[in-house]
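Structure at a glance
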Amino acid sequence: MKIVFLTSSDEKCGIREYGRNLMRHLPDVEWTIVGHRDVNSNMISHLGDRHFDVLHLNFEPGLFRTLPAQILSIANRKVLTLHTSTAGMNRNQFTAYFDD
């Protein structure tokens, strides 16, 4: 299975550590890791050209500058880890895009 994992790229970050631990416990998975600072239109276009089974968004709203709708368009199967929600964020509308 191939997973594109969008996560924090900060060295001292609990969200990044969550991702590292997840990868350690799923060693048979082929991971492509994209740090939140690398998420832009060019990266989204590049990922859209590659074959992968799952897009896992390790999501902290404050970290990502790109709108989730741009990211969500590149995969059929999507998994979300939502770490926090911001004031005024409609969680149901946002999480409806994800399978798990």
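Residues numbered from 1 in each chain as written. Predicted model: local features only at pLDDT ≥ 70, side-chain atom pairs only at ≥ 80, totals over all residues. Heavy atoms only, no water.

The next thing to look at is the pairing of strand E2 (residues 30-35). As defined by bridge partners, strand E1 (residues 2-7) adjoins E2 across six bridges and the pair is classed as parallel. Bridged to Ile3 within E2 is Trp31. Traced from E1 through helix H1 (residues 14-25) to E2, the parallel crossover comes out right-handed. (Pairing = 2+ DSSP bridges. Helix = DSSP H or I, 4+ residues; strand = E, 2+ residues; numbered from the N terminus. Right-handed = clockwise from strand over helix to strand, strands pointing away.)

Relative to the 16 Å expected for 12 residues at 1.5 Å per residue, H1 spans 17 Å between its end C-alpha atoms, a close match to the ideal helical length. When we look at burial in H1, the residues that qualify are Ile15, Gly19 and Met23. Buried positions in H1, seen along its axis, are confined to an arc of 80° and lie on one side of it. For H1, exposure combined with an orientation more than 90 degrees from the buried face picks out Gly14, Arg24 and His25. (Expected span 1.5 Å × (residues − 1). Buried < 20%, exposed > 50% of the residue type's maximum accessible area, 1.4 Å probe, protein only. Arc of directions from axis to C-beta.)

This part covers the environment of Glu60. Secondary-structure assignment places Glu60 in the loop between strand E3 (54-59) and helix H3 (68-72). Considering only alpha carbons, one finds Glu60 and Thr81, 21 residues apart in sequence, at a separation of 8.4 Å. Beyond its immediate sequence surroundings of up to four residues, Glu60 is in contact with Ile15, His83 and Thr84. (Contact = heavy atoms within 4.5 Å.)

We now examine the sheet that holds strand E4 (residues 78-82). Spatially, the four strands line up as an open sheet ordered E2-E1-E3-E4, and their pairing is parallel. The open sheet is flanked by E2 and E4, the only strands paired with a single partner. Along the sheet, successive strands turn relative to each other by an average axial angle of 15°, direction set aside. (Axes fitted to C-alpha atoms, helices over the stretch in contact; angles between N-to-C directions.)

With that out of the way, let us pick up the pattern of salt bridges. In total, this model carries one salt bridge according to the counting rule given. The salt bridge involving Glu17 is made with Arg20; its shortest N-O contact spans 3.0 Å. Of this pair, Glu17 and Arg20 both sit in helix H1, three residues apart, which is roughly one turn of that helix. (Salt bridge = Lys/Arg side-chain N within 4 Å of Asp/Glu carboxyl O.)

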